[in-house]
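Descriptive analysis of the structure
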Amino acid sequence: MIKRKHIFLDDNTKIARLEKKIKKYERYKPYNEKTAKDDFRVKEKLAMLSVVASNFMMTGHSPTLVLTKLEEGEEVMKPVGGGQKDRAREIICKADFRKLYRGGKGRKTDPLMIITAICMYVMRQDNPQRGDIRYSNEFIRNVGVTKEIYQHISQKLEANKNS
């Protein structure tokens, strides 16, 4: 049997190995400790958001400021319209999808389905009587959002918003 020689590492190699271990640890840290920048899935979710937003024709980015007359006769700059996509983006970046809707026996969890429900939630916040979002809509049906799933996700979002 051949005896092994001891190879002593120099300082640079030791530092490099430790850095590599730290990098590996950072990559595999738990989901709740990850920031939005760390989570590579967020980019995928935001790409799905633009698909859903274009299907629903959601208003784009930040609301425009318009001169609005108040009752006293003063004119004040007030935000009008817009911002739905930005609000949906905020929710998607902050929310833990596994807590919003859990899959179980016979229940599929698809990020596109959850994003669609979030977009519906944001649009219904602006206009609660929004009648043009039907569950029989071809896109919504293909994604798999049902009334029960939407209600479940919107209740979770309301609970998160209040806390």
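Look above for the structure.
Now for a quick tour of the structure. (Residues numbered from 1 in each chain as written. Predicted model: local features only at pLDDT ≥ 70, side-chain atom pairs only at ≥ 80, totals over all residues. Heavy atoms only, no water.)

1. A closer look at the overall build of the protein
From N to C terminus, the protein includes 7 helices and 2 strands. Taken from the N to the C terminus, the helices and strands of the protein come in the order α-α-β-β-α-α-α-α-α. Taken across its 163 residues, the protein has 26% of its residues classed as buried. Taking the intrachain contacts of the protein between residues at least 6 apart in sequence as the baseline, contacts between residues at least 24 apart amount to 59%. When the accessible surface of the protein is totalled, it reaches about 12,500 Å², and 54% of it is carbon and sulfur. (Helix = DSSP H or I, 4+ residues; strand = E, 2+ residues; numbered from the N terminus. Buried < 20%, exposed > 50% of the residue type's maximum accessible area, 1.4 Å probe, protein only. Contact = heavy atoms within 4.5 Å. Areas by Shrake-Rupley, 256 points an atom, 1.4 Å probe, with all protein chains shown as cover.)

2. Some points on the side chain of T116
By the element assignment, T116 lies in helix α5 (residues 111-126). A relative accessible area of 0% places T116 in the buried class. A polar contact of 2.7 Å, which involves the side chain of T116, links it to the backbone oxygen of L112. (Polar contact = N/O pair within 3.5 Å; in protein donor to acceptor, adjacent residues only side chain to side chain.)

3. Describing the environment of K85
Its location among the elements puts K85 in helix α3 (residues 84-94). The class for K85 is buried, based on a relative accessible area of 19%.

4. Here we look at α5
Each turn of an α-helix holds 3.6 residues, which means side chains three or four residues apart point in the same direction. In this model, α5 (16 residues) spans 23 Å end to end at C-alpha, consistent with the 22 Å of a helix rising 1.5 Å per residue. Counted residue by residue, α5 has 12 buried out of 16 residues, so it is predominantly covered. Taken residue by residue, α5 has M113, I114, I115, T116, A117, I118, C119, M120, Y121, V122, M123 and R124 as its buried positions. As for α5, its buried residues are in contact with α2 (41-56), α3, α4 (97-100), α6 (138-143) and α7 (147-162). (Expected span 1.5 Å × (residues − 1).)

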